[in-house]
Amino acid sequence: MTTTLITGGTVVSATGRAAADVLVDGETIRAVLQPGSTLLGTDVAASVDRVIDATGKYVIPGGIDAHTHMQLPFGGTEASDTFESGTRAAAHGGTTSIIDFAVQTYGQRIEDGLAAWHEKASGNCAIDYGFHQIVGDVNEASLEAMRKLPDEGITSFKMFMAYPGVFYSDDAQILKAMQVSRDTGLLTMMHAENGPAIDVLAAQLVEQGKTDPYYHGIARAWEMEEEATHRAIMLAKLTGAPLYVVHVSAKQAVEQLAWARDKGQNVFGETCPQYLYLSLEDQLGAKSDEWGAFEGAKWVCSTPLRSRAEGHQDSMWQALRTNDLQMVSTDHCPFCMKDQKELGLGDFRKIPNGIGSIEHRMDLMYQGVVTGEITLERWVELTSTTPARMFGLYGTKGVIQPGADADIVVYDPNGHTSIGLDLDSSGNPTGRAHHMNMDYSAWEGFEIDGHVDAVLSRGKVIVDGDEYLGAKGDGRYLKRGLSQYLT
């Protein structure tokens, strides 16, 4: 087994920071030592196989992205990142674990959908991975299969109040599934938008000739998110099920979550970097010489980007500070413009929904530390510690302590990261280039006052500077326990 000493850095946790050295033995953390400690001998550095000098840098637990969609079929195509390419990109950005979504489609058995996702991921991931289960067809067989999910290490499932005819569940189906959640401890994850009403609004806009990507955001009005969030909360209250609302984007939806939490309900929410930085006006309404008004398709996702004039972005940051939102995931579901997003030319309803961000989450959230939106400790809590606790991984993941997996990121606050693709006239990357399988960057031109310097996954250095040292198949499947965040 390889031993590694990370020395000279500041270890940051969700509760504080301190100068400390971290000793890694094989795949796990053996000790966290005060600088100069002789507890394990007078010269630990001389007795290990490798020393990483983290002087002037932060040493943090590896990021956990608890909401990704690799190879997800959507809108007649498939998300462009495979488990191999997507997890490699994640590693470059300091994320060492993902939780993806196994999909049960209408008419399919849950067991078969789960098996298909195991087949896609097994032997292909650069980092450790787990699954949530999408339940797309609620029936007696599905409800029975859900009760067995914890035996597979899957302790959360997702339902959709949106996308009629694809993933949509009505209130009666949601109620039945939440009753299973109450009985088993499974965490109900909800895409909260009023899908049937949105479809009516979208059809009316297209009939009026309003077909550009901008109108994707208009059709999916914040009222549709607020209403669905409230309805999900009420169904969870009625059944006694814990509820986790995914990709919250509207400040009014946050108000619903805060209201329920103030009453003591086990209700939680995540947001994503796109809802902190991007907007309806600047991105969905963008134009370019190449694509015209269709440029905005690059940022079509659901829930949609919200109006900056209405203050949604500022409200998301505030909710992260006050813990009305507990986590930041990416909802990573990338599509290329060519042959994928362009399926919606002339009709925004046909644009595959999704943004690629898995490589940039840790950096984008660190920039919030730089600008004073969140503290250094909150950065770690939002991106690593709470995801571990929320989804039954804490102790092994999400913390730097003896016995935990040696998933560690050395982050340089004096470094710099320029995000983007920067293609030349021939379509080849110049200068900066991301590692996601996309032909554009949703984050083109963003500048980060920090840099991921080294990434360890279970003790193996998989990123050193900008060099990738990992390999396909390094990642292992994570059998998760029940949520450690419930009261």
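Residues numbered from 1 in each chain as written. Predicted model: local features only at pLDDT ≥ 70, side-chain atom pairs only at ≥ 80, totals over all residues. Heavy atoms only, no water.

### Considerations on the overall build of the protein chain
Just so we agree on the cut-off: A run of H or I in DSSP counts as a helix once it spans at least four residues, and a run of E counts as a strand once it spans at least two, with each numbered from the N terminus. Only protein chains enter the area calculation, which uses a 1.4 Å probe; residues under 20% of their type maximum are buried, those over 50% are exposed, and those in between are partly exposed. Any pair of residues with heavy atoms lying within 4.5 Å of one another is described as a contacting pair. Methods summary: accessible areas were calculated by the Shrake-Rupley approach with a probe of 1.4 Å, and residue burial reflects only the protein chains presented. Two residue types count as positive, namely Lys and Arg, and two as negative, namely Asp and Glu; His and chain ends fall outside the count. Charge coordinates come from a single atom per side chain, which is NZ of Lys, CZ of Arg, CG of Asp or CD of Glu.
A count of helical and extended segments in the protein chain gives 14 helices and 23 strands. With the C-alpha coordinates aligned to their principal axes, the bounding extent of the protein chain is approximately 75 × 55 × 40 Å. The burial tally for the protein chain puts 61% of its 487 residues in the buried class. Restricting the contact set of the protein chain to residue pairs at least 6 apart, pairs at least 24 apart contribute 77%. As presented, the protein chain carries roughly 17,500 Å² of accessible surface, and 47% of it is formed by carbon and sulfur atoms. With 39 positive and 65 negative side-chain charges, the protein chain shows a spacing of 5 Å between the two charge centroids.

### Quick look at the nonpolar core
Note the following rule: We define the nonpolar core as a collection of buried residues of types Ala, Val, Leu, Ile, Met, Phe, Trp, Tyr and Cys that are connected through side-chain atoms lying within 4.5 Å of one another.
In this structure, Met146, Met190, Leu243, Tyr244, Met365, Trp379 and Phe391 are the most contacted members of the largest nonpolar core, which totals 130 residues. With sequence-adjacent residues up to four places away left out, Leu243 is seen in contact with Met178, Leu187, Thr188, Met190, Ala232, Ile233, Ala236, Asn266, Val267 and Phe268. Ranked by size, the runner-up nonpolar core spans 18 residues in total, among them Val24, Ile29, Ile400 and Val461.

### Details of the packing of helix α8 (residues 222-239) against helix α9 (residues 251-262)
Axes are the key here: two packed helices are described by the angle between their axes and the distance separating the axes. The condition is simple: To obtain an axis, a line is fitted to C-alpha atoms, over the contacting stretch when the element is a helix, and the angle between two such axes runs from 0 to 180 degrees between their N-to-C directions. Comment on the angle field: the value is read as roughly parallel under 35 degrees, roughly antiparallel over 145, roughly perpendicular from 65 to 115, and oblique elsewhere. Should the near helix be turned anticlockwise from the far one by less than a right angle, the crossing is left-handed, and should it be turned clockwise, the crossing is right-handed. Just so you know the grouping, Ala, Val, Leu, Ile, Met, Phe, Trp, Tyr, Cys and Pro go in nonpolar, Asp, Glu, Lys and Arg go in charged, and all remaining residues, Gly too, go in polar.
Taken N-terminus to C-terminus, the directions of α8 and α9 make an angle of 20°; their axes are 8 Å apart at the nearest point. Here α9 runs roughly parallel to α8, going by the angle between their axes. The two elements α8 and α9 meet at a crossing, and its hand is right-handed. Residues Trp222, Glu225, Glu226, Thr229, His230, Ile233 and Met234 of α8 form the contact with α9, whose participating residues are Gln252, Ala253, Gln256, Leu257, Trp259 and Ala260. Here the residues of the contact of α8 with α9 are counted per class, giving seven nonpolar, four polar and two charged.

### Looking at the sheet that holds strand β5 (residues 28-33)
As a reminder of what qualifies: Think of it this way: DSSP has to see at least two bridges between two strands before they count as a pair.
Ordered in space as β5-β4-β1-β6, the four strands form an open sheet in which the pairing is mixed. Two strands bound the open sheet, and with one partner strand each, they are β5 and β6 (50-53). Between one strand and the next, the sheet's axes are offset by a mean angle of 20°, whatever the strand orientation. In this structure, strand β1 (residues 3-7) lies alongside β6, joined through four bridges in parallel fashion. Bridge pairing in β6 places Ile6 opposite Ile52.

### Remarks on the sheet that holds strand β15 (residues 243-245)
The strands making up a sheet associate through hydrogen bonds between their backbones, and the pairing can be parallel or antiparallel. Taking strand neighbours across the sheet as the criterion, the eight strands line up as β8-β11-β12-β13-β14-β15-β16-β17 in an open arrangement whose pairing is parallel. Unpaired on one side and paired on the other, β8 (63-68) and β17 (327-328) mark the two borders of the sheet. Pairing of β15 with strand β16 (residues 267-271), which is carried by three bridges, proceeds in the parallel orientation. By the bridge assignment for β16, Leu243 is matched with Val267. In the packing of α9 onto the sheet, contacts are made with β15 and β16, and the angle to β16 comes to roughly 150°.

### Points about the state of the cysteines
Counted only if it meets this: Cysteine sulfur atoms are paired as a disulfide whenever they fall within 2.5 Å.
In the structure shown here, the tally under the stated rule is zero disulfides. Cys125 takes part in no disulfide bond, and the closest cysteine sulfur to it belongs to Cys333, at a distance of 16 Å. The exposure class of Cys125 is buried, given its relative accessible area of 0%. With no disulfide of its own, Cys336 lies closest to Cys333 among cysteine sulfurs, the gap being 12 Å.

### Quick look at the pairing of β1
Buried residues dominate β1, accounting for four of its five residues. In this structure, β1 lies alongside strand β4 (residues 21-25), joined through four bridges in antiparallel fashion. Each bridged residue has a counterpart across the sheet, and for Thr3 the counterpart in β4 is Asp25.

### Quick word on helix α13 (residues 361-370)
Judged by how many residues are buried, α13 sits mostly within the fold: nine of 10 residues are covered. Within α13 the residues assigned to the buried category are Arg361, Met362, Asp363, Leu364, Met365, Tyr366, Gln367, Gly368 and Val369. Just downstream of α13, Gly372 is the residue with a positive phi angle, here 85°.

### A few points about the side chain of Gln283
Inclusion rule: As used in this structure description, the phrase polar contact means that two N or O atoms lie within 3.5 Å; if the pair is within protein, one of them must be able to donate a hydrogen and the other to accept it, and residues adjacent in sequence are counted only when both atoms belong to side chains.
Structurally, the position occupied by Gln283 is in helix α11 (residues 280-284). Here Gln283 falls in the buried class, since its relative accessible area comes to 13%. Reaching out from Gln283, the side chain makes a polar contact with the backbone nitrogen of Ser279 at a distance of 2.8 Å. With near-sequence residues (within four places) excluded, Gln283 lies in contact with Leu278, Gly296, Trp299 and Leu305.

### Brief notes about the pattern of salt bridges
The condition that has to hold: Salt bridges are defined by distance alone: a side-chain nitrogen of Lys or Arg within 4 Å of a carboxyl oxygen of Asp or Glu.
In total, this model carries 23 salt bridges according to the counting rule given. Between Asp183 and Arg147 there is a salt bridge, and its shortest N-O distance comes to 3.5 Å. Of this pair, Asp183 sits in helix α5 (residues 171-184) while Arg147 sits in the loop between α4 (140-146) and β13 (156-160), and the two are 36 residues apart along the sequence. The exposure class of Asp183 is partly exposed, given its relative accessible area of 46%. Residue classification places Arg147 among the partly exposed residues on the basis of a relative accessible area of 38%. The residue Asp282 makes a salt bridge to Arg308 at a minimum N-O spacing of 3.4 Å. A residue pair is termed long-range when its members are at least 10 positions apart, and Asp282 in helix α11 and Arg308 in the loop between α11 and α12 (312-322) qualify at 26 residues. On the basis of relative accessible area, Asp282 is assigned to the partly exposed category, the value being 44%. Exposure remark for Arg308: the relative accessible area of 37% places this residue in the partly exposed category. Salt bridges sharing common partners tie together Glu27, Asp128, Lys397, Asp405, Asp407, Arg458 and Arg476.

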